[in-house]
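An overview of the molecular structure
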Amino acid sequence: MGSSTRLFIEKARKEMANPMTQAFLSILPPGFAVMRQMSMASFPDPAAAIGLSRSIRRESVARLPEILEEFESNAIKNGAKIFWAKDSQAANEYILNLCREKGAGFITKGKSMVTEEIGLNSALAEGGIETFETDLGEFIIQQLKRPPFHIVGPAINIPVSEISGLFFEKGIIDKPTDDAITLGKAVRTHLRDRFRNLKAGITGVKHGGRFKRLIHQC
């Protein structure tokens, strides 16, 4: 059993013993189910939409090498540079060296699950480069030094009162508040200074255009 698996089990056991987490999990799955039903109801033929999405996924997996080469070709035509990393260490080293070349003492990051998977933040910190997450949920868990709770809502399980206390402790707000809009604006102001002096930034990339165009034909 790998260290990451053990860490997951430890955290899962701890959270499952937390009454607040138990209450939260009793609400989340039914809520997602309702939202899914509402989304699927917007399609003329939900069954056909599901079938088409599955076929697109199967085709994409089967043609992955070809699709990646196509992406590389199109990206280069649009001025991008492509680096093929054989593993997470190679990817992290490339990004770290690139940041150093640019003279970036810190970077900002958009939400990216790939960078979570390869441990980029830790690699950059070890290399002397500080990272600032710009997605609100990611920013919150970064300050708490916790892993994301969910791929869509990384900090969705954290009470507003805890977030308020955290922001007050970090000097992001002048006084505790449970107003979500005030907390969000405070983070925006906090990050604005980082953007003013920014020399490098990182964001995840995804493309669902083809899927969306095809799926709405159903």
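Quick notes on the overall build of the protein chain
From N to C terminus, the protein chain includes eleven helices and three strands. Mapped from its N terminus to its C terminus, the protein chain presents α and β elements in the order α-α-α-α-α-β-α-α-β-α-α-α-β-α. Dimensions along the principal axes, computed over C-alpha positions, put the protein chain at roughly 50 × 50 × 40 Å. Within the protein chain, the fraction of its 218 residues that count as buried is 24%. As displayed, the protein chain has an accessible area near 15,100 Å², and 57% of this comes from carbon and sulfur atoms. Charged side chains in the protein chain number 30 positive and 24 negative. The centres of these two groups are separated by 3 Å.

Observations concerning the pattern of salt bridges
Should the charged atoms of two oppositely charged side chains come close, the side chains can pair. Applying the stated criterion across every chain, the model contains five salt bridges. Here Glu59 ties to Arg63 by a salt bridge, and the two come within 3.3 Å at their closest N and O atoms. When its relative accessible area of 32% is taken as the criterion, Glu59 is described as partly exposed. Its salt-bridge partner being Glu162, residue Arg146 comes within 2.5 Å of it at the nearest N-O pair. Residue Arg146 is found in the loop between α8 (136-144) and α9 (160-169), and its partner Glu162 is found in helix α9; the two are separated by 16 residues along the sequence.

Quick notes on the confidence of the model for the protein chain
Low pLDDT marks stretches whose predicted atomic positions should not be read closely. Per-residue confidence for the protein chain averages 86 on the pLDDT scale, and 92% of its residues sit at or above 70. Ignoring residues within four places in sequence, the model shows residues 208-218, a span with pLDDT below 50, making 16 contacts including any to other chains.

A word on the layout of surface pockets
Approximately 1,500 Å³ is the volume attributed to the second largest pocket. Every element with two or more residues in the lining of the second largest pocket is listed here: α1 (3-16), α2 (19-40), α6 (113-118), α7 (120-126), β2 (130-133) and α8. Per-element accounting of the lining of the second largest pocket gives the leading share, eight residues, to α1. Here the residues of the lining of the second largest pocket sort into 19 nonpolar, twelve polar and eleven charged.

Some remarks on the sheet that holds β2
Pairing is parallel across the open sheet formed by three strands, whose spatial order is β2-β1-β3. In the strand order of this sheet, the two ends are held by β2 and β3 (201-202), each with one partner. Here four bridges tie strand β1 (residues 106-109) to β2, and the two strands are oriented parallel to one another. When the sheet's bridge partners are listed, Thr108 is paired in β2 with Phe132.

Procedures and definitions
- Residues numbered from 1 in each chain as written.
- Predicted model: local features only at pLDDT ≥ 70, side-chain atom pairs only at ≥ 80, totals over all residues.
- Heavy atoms only, no water.
- Helix = DSSP H or I, 4+ residues; strand = E, 2+ residues; numbered from the N terminus.
- Buried < 20%, exposed > 50% of the residue type's maximum accessible area, 1.4 Å probe, protein only.
- Areas by Shrake-Rupley, 256 points an atom, 1.4 Å probe, with all protein chains shown as cover.
- Lys, Arg positive; Asp, Glu negative; His and termini not counted.
- Charge placed at Lys NZ, Arg CZ, Asp CG, Glu CD.
- Salt bridge = Lys/Arg side-chain N within 4 Å of Asp/Glu carboxyl O.
- pLDDT = per-residue confidence, 0-100.
- Contact = heavy atoms within 4.5 Å.
- 1 Å grid on protein atoms, 1.4 Å probe; cavity = no way out; pocket = protein on both sides within 12 Å on 5 of 7 lines; lining within 4 Å.
- Points joined across faces, edges and corners; volume = space filled by probe spheres on them.
- Nonpolar A, V, L, I, M, F, W, Y, C, P; charged D, E, K, R; others polar.
- Pairing = 2+ DSSP bridges.

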